[in-house]
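# Inside the fold
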Amino acid sequence: MTVGSDIILDRMMALHPKIIDLTLDRVWRLLAILDHPERALPPVIHIAGTNGKGSTQAMIRAGLEGAGKRVHAYTSPHLARFHERIRLAGDLISEPALTAVLDECYAANGDQSITYFEITTIAALLAFSRTPADYTLLEVGLGGRLDVTNVVDRPAMTVITPVSIDHQQFLGDTLPEIAAEKAGIIKRGVPCVVGPQQDAALEVIEAHAARLGAPLLVHGQHWHVWEERDRLIFQDENGLLDLPLPNLIGAHQVQNAGIALATLRALGFQDPAFEAAVTRAEWPARLQRLRHGPLVDAADRAELWLDGGHNPAAGLALAEALGRLPARPLHLICGMLNTKDIAGYLRPLAGVAASLHAVSIPDEVNTLPAETTAAAATGVGLAAQTADSAQAAVADIVAQTPNARILICGSLYLAGHILRENG
């Protein structure tokens, strides 16, 4: 009987007791056994940051592919299926290819301790090293300095998206501490594109780059991006670009597009790449309109949207983006993890939403109980109640407001559950 990828992934979960354990010792050991696939990758663009990594990566990939390039891409976590994490030369990895590379890594590791994220990331690097492509996009999982993706000695480019407070239990309690971890991806002499940053974070990034002699391309200094008359305007020393607004909605996506454009320009690309970056990028669960499936059918005339943002900066960005949509009564269905700043996330949304139905995230051990989410929502001024499920919440909202705009939000884990159930 052929063993599928799901079975091997389950086995990998048992190799180390912690989901997150930041060190590279186990990684270097397994990479050596596998003859260092990280040294055989197509040119790498390495992306770290707190918010916008995935959207920025999607725009860079769209731009590169618009210029005719074949692109590997690695991202995490996945939403509906693990295969989403690994894109080989433009296509999601196939089940046979994923099973083979996971099995090889599992066998090479033996019974040695290694985390699930470490061994699965190494599997992605192994797959990338064996498939021809023009570029490799690596998105950091957590932090940067000690992240598994930080094993490439000489990337073509590094990118740091906006840094904010998140994952304090792993990265530090202050913005400078967190920025120092993100800046750990900067390599000696390798250019780094830096997105919009608070001063405290930018000072740390600039100091780290100076020690390594890494040229910086910093938002507000070396490049600028803004919205004007429903167009995106980008300017750097090479001149001005006048482009459509990103197909991903919101002012934060204009900023992410700026980061992608600065990266593409630094790599020497021209207009076809720039246009593709802003018009062709797709990134699920980032203010995604759901248009089919049983949950959409149950919503009837109501709009159904999905977003996986989960920290205060994401809440701010989401509130701004929602304000761009045609007016409709907005109702939230929210589920979050117990490690997040729920009040900080919900506070900006309280100004744009009429109500919130709180749910627990199904099959997630670290879910915040629905009652706790509802209490936090009430605390920031939202009319809130609990629901047994997203389906029950949709039914309740539609019964009261048939033309509602319903946003399911608060966690990528909840978003993944919705995408699987509504597929």
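Look up: the structure comes first, before these words.
Conventions adopted
Residues numbered from 1 in each chain as written. Predicted model: local features only at pLDDT ≥ 70, side-chain atom pairs only at ≥ 80, totals over all residues. Heavy atoms only, no water. Axes fitted to C-alpha atoms, helices over the stretch in contact; angles between N-to-C directions. Helix = DSSP H or I, 4+ residues; strand = E, 2+ residues; numbered from the N terminus. Parallel < 35°, antiparallel > 145°, perpendicular 65-115°, else oblique. Left-handed = near helix turned anticlockwise from the far one by under 90°. Contact = heavy atoms within 4.5 Å. Nonpolar A, V, L, I, M, F, W, Y, C, P; charged D, E, K, R; others polar. Pairing = 2+ DSSP bridges. Salt bridge = Lys/Arg side-chain N within 4 Å of Asp/Glu carboxyl O. Buried < 20%, exposed > 50% of the residue type's maximum accessible area, 1.4 Å probe, protein only.

### Regarding the packing of helix α7 (residues 175-182) against helix α8 (residues 199-212)
Geometry of a packed helix pair, given as the angle between the helix axes and the separation of the axes. Taken N-terminus to C-terminus, the directions of α7 and α8 make an angle of 40°; their axes are 8 Å apart at the nearest point. Judged on the interaxial angle alone, α8 and α7 are oblique. Taken as a pair, α7 and α8 cross one another with a handedness that is right-handed. Contacts from Leu175, Pro176, Ala179 and Ala180 in α7 reach Ala200, Ala201, Val204 and Ile205 in α8. Residue classes in the contact of α7 with α8 are distributed as 8 nonpolar, no polar and no charged.

### Looking at the sheet that holds strand β7 (residues 192-194)
Ordered by their spatial adjacency, 8 strands build an open sheet running β4-β3-β2-β5-β1-β6-β7-β8, and the pairing between neighbours is mixed. In this open sheet, the two strands that pair with only one neighbour each are β4 (91-92) and β8 (216-218). Strand direction decides the pairing type here: strand β2 (residues 71-74) and strand β3 (residues 86-88), joined by 2 bridges, are antiparallel. When the sheet's bridge partners are listed, Tyr74 is paired in β3 with Ile86.

### Remarks on the pattern of salt bridges
Overall, the coordinates contain 13 salt bridges when judged by the stated rule. The partner of Glu65 in a salt bridge is Arg61, with the nearest N and O atoms 3.5 Å apart. One end of the pair is Glu65 and the other is Arg61, both in helix α3 (residues 53-66) and 4 residues apart, which spans about a single turn. For Glu65, a relative accessible area of 29% puts it in the partly exposed group. Look at Arg61 and you get buried, because its relative accessible area is 12%. The salt bridge partner of Arg289 is Glu303, with a shortest N-O separation of 4.0 Å. A residue pair is termed long-range when its members are at least 10 positions apart, and Arg289 in strand β12 (residues 288-290) and Glu303 in strand β13 (residues 303-306) qualify at 14 residues. A relative accessible area of 29% means that Arg289 is categorised as partly exposed. With relative accessibility at 10%, the residue Glu303 sits in the buried group. Via salt bridges that share partners, Arg289, Glu303, Arg328 and Arg405 belong to a single interconnected network.

Shape is all these values report; function is a separate question.
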